[in-house]
Amino acid sequence: MLHFGKDGNVETDWGSYTYYADFMKAEEHMSAKLTPGGAEAEIGMSLTALTASAAGQLGSDMLGAHGSTDVSLGKAELKGKAGVGIWDEDGSFNPNAKAKLSAEAIVAEASATGGVGLLGTKVDVTGSVNFGVGAHMDIGVLLTAPLSMGQGFNLRLR
C-alpha cells in the first residue's frame, strides 16, 4: 500500500549497523479458514505515520555488545474477526457464532533491546512502552438444544 521508506546497512571491521524508517506506512491483512467444526474469517488494517528501527552490533559473537530499538508514532489500527461453528473445542455439539471488533489509536510506541555476548552466549534486556487508547468488543451467541426424553429447548445468549 502507500508508504515512503528508507533502509540501510553499514558494516565495518568492528561492527555492523542497520536502520529503517517508513513514513505513512499502511498495512492490511485478511485470512479465512475452514475447520470440520466451522469457519472463521479475520480482516484488519493499520496506518502508521512514522515507523523507525535501528540495530547494531559491536565486536563479534565471541565478545561484543548488541542492541536494537523500534519506534512508532501515530498508529491507527482496526481489526475484525467472525466465526461460526457447530462443535466446540471438546468435540461436543455446540452451535455458536461469535464476532470481535477492535480499534486502537497509539500516539507513541517504543521498544529497545540491549545486551552482551560472551563466548557465543547472549544476555539481553528488553523494555517497551506505549501510549494510546483502544476499544475491544466481543459478541457471542451460543445455541444449545439438549437432547432429552420429552420436549425441551434452550436458547442462551452471551
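Report follows, based on the coordinates. Note that residues are indexed from 1 along each chain, following the sequence as it is written. In keeping with the model being predicted, local features are shown solely for residues with a pLDDT of at least 70 and side-chain atom pairs are shown and tallied solely at 80 or more, while totals for entire chains, interfaces and linings include all residues. With hydrogens and water stripped out, all remaining heavy atoms of the structure feed into the side-chain values.

Two strands make a pair as long as DSSP finds a minimum of two bridges between them. A helix here means a DSSP run of H or I that spans at least four residues, while a strand means a run of E at least two residues long, and both kinds are numbered starting from the N terminus. Note that strand β2 (residues 15–35) and strand β3 (residues 38–59) share 20 bridges and pair antiparallel. In the sheet register, glycine 15 faces β3, and the bridge partner there is leucine 58. In textbook terms, the turn of a hairpin is the stretch between consecutive antiparallel strands, and for β2 and β3 this stretch comprises 2 residues.

Here we come to the pattern of salt bridges. Counted as salt bridges are all cases of a side-chain nitrogen of Lys or Arg within 4 Å of a carboxyl oxygen of Asp or Glu. The full count for this structure, using the stated rule, is 2 salt bridges. Close ionic contact of lysine 25 with glutamate 27 constitutes a salt bridge, the shortest N to O distance being 3.9 Å. Where lysine 81 meets glutamate 40, a salt bridge forms, and the shortest distance between an N and an O atom there is 3.8 Å. One end of the pair, lysine 81, is in strand β4 (residues 63–87); the other, glutamate 40, is in strand β3, and 41 residues separate them in sequence. Think of it in three bands: with a 1.4 Å probe and only protein chains considered, a residue is buried below 20% of the maximum accessible area for its type, exposed above 50%, and partly exposed in between. The class of lysine 81 is partly exposed, set by a relative accessible area of 32%.

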